[in-house]
Amino acid sequence: MTQKGLVLEGGGMRGIYTAGVLDVFMENQIHFDGVIGVSAGAVHGCSYISGQKGRNIRYYKKYCRDKRFMSFRNILLTGDIAGEQFCYHELPEKLDPYDYDAFNTSDTKFYVTCSNLETGKPEYLQLTDMKKEIDLMRASASLPYVSRIVNANGMKLLDGGCTDSIPVTAFRKMGYEKCVVVLTRPQGYVKTPEKTALAKFFYGKYPLFIKAMEERHNTYNETIREIERLEREGEIFVIRPSRQLNIKRTEADPEKLQEVYDIGAEDAQNQMKQLEEWMER
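Residues numbered from 1 in each chain as written. Predicted model: local features only at pLDDT ≥ 70, side-chain atom pairs only at ≥ 80, totals over all residues. Heavy atoms only, no water.

### Concerning the packing of aromatic side chains
- Scanning the entire structure with this criterion turns up 19 aromatic pairs.
- For the ring pair Phe-103 and Phe-110, a centre distance of 5.7 Å and an interplane angle of 85° mean the geometry is edge-to-face.
- By way of ring pairs, the aromatic residues Tyr-145, Phe-201, Phe-202, Tyr-203 and Phe-209 are connected into one cluster.
- The ring of Trp-278 carries the charged tip of Lys-178 above its face, separated from the ring centre by 4.1 Å.
- Arg-185 extends its terminal NZ or CZ atom over the ring of Tyr-189, reaching a point 4.1 Å from the ring centre. (Phe/Tyr/Trp six-rings, centres within 6.5 Å; stacked < 30°, edge-to-face > 60°. Lys NZ or Arg CZ within 6 Å of the ring centre and 35° of its normal.)

Here is the structure:
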């Protein structure tokens, strides 16, 4: 039987678009055999696995202005723009409890994409116990330059978007041939080259990672071309922003977050009939 997969792009606060899409999936009982998320896509995807509709937009709006959540103050104090203790322990364990039991007993397999600094390659890592393996989630969302390197599973890891922003090809090779892909950039977006002087300064000990950063725009644009080809051929189903998402990468305005979340929910609802028909083929 064909395995159905869900692939979730990252993108910092743009990822709240994905949260809106996933809440509509939950409302319509859209089920997948496997989910793979990158950075913010992983963060929002895990609440989909635990079935906690509305959780992500709720805590993002409540804590987006809290300096413990995401701030340059955190960088100065800890080396991480997103506070490790607050974001990955205090918030999910106490302030807005994550349903660890629901995640651990779900029949949907969950993977995060991380970047391996030593090999310059992506790692596609399955999480089976969210609480025990939270460092893998943290690694996937640890943005370069503003986050510490995460040591987990014997690897040095950072944000998966550095090496594979949209791992649809990898997920299909893993057996999830019928994939739904949720993007956080609208149709026609082309990534431009990044200045890599910072990469050489911060990660001089990891030449293969620097090379991956230098090629990041090419890798991304090639992936988008492949996604568009697969979409045309009916091999995958894509949900992407119907309009530009006017939101900062570190947005701290609850109204802007709600606006982008609503666009995601609206786009998913508008495509729900086509999605259900496609998944039944």
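Further notes follow.
### Considering the pairing of strand 6 (residues 155-159)
- Here strand 6 lies mainly inside the structure; four of its five residues are buried.
- In this structure, strand 5 (residues 150-152) lies alongside strand 6, joined through three bridges in antiparallel fashion. Across the sheet, Ala-152 pairs through a bridge with Met-155, a residue of strand 6.
- The antiparallel hairpin formed by strand 5 and strand 6 contains two residues in its connecting segment, where Asn-153 sits at a positive phi of about 55°. (Buried < 20%, exposed > 50% of the residue type's maximum accessible area, 1.4 Å probe, protein only. Helix = DSSP H or I, 4+ residues; strand = E, 2+ residues; numbered from the N terminus. Pairing = 2+ DSSP bridges.)

### Quick notes on the packing of helix 1 (residues 16-27) against helix 12 (residues 254-270)
- In the contact formed by helix 1 and helix 12, the axes pass within 7 Å of each other and the chain directions differ by 45°. Between helix 1 and helix 12, the interaxial angle falls into the category oblique. For the pair helix 1 and helix 12, the sense of crossing is right-handed. In this structure, helix 1 uses Ile-16, Tyr-17, Ala-19, Gly-20, Val-21, Asp-23, Val-24 and Glu-27 to contact helix 12, whose residues at the interface are Leu-257, Val-260, Tyr-261, Ile-263, Gly-264, Ala-265, Asp-267, Ala-268 and Gln-269.
- Each residue belonging to the contact of helix 1 with helix 12 can be placed in one class, and the counts come to 11 nonpolar, three polar and three charged. (Axes fitted to C-alpha atoms, helices over the stretch in contact; angles between N-to-C directions. Parallel < 35°, antiparallel > 145°, perpendicular 65-115°, else oblique. Left-handed = near helix turned anticlockwise from the far one by under 90°. Contact = heavy atoms within 4.5 Å. Nonpolar A, V, L, I, M, F, W, Y, C, P; charged D, E, K, R; others polar.)

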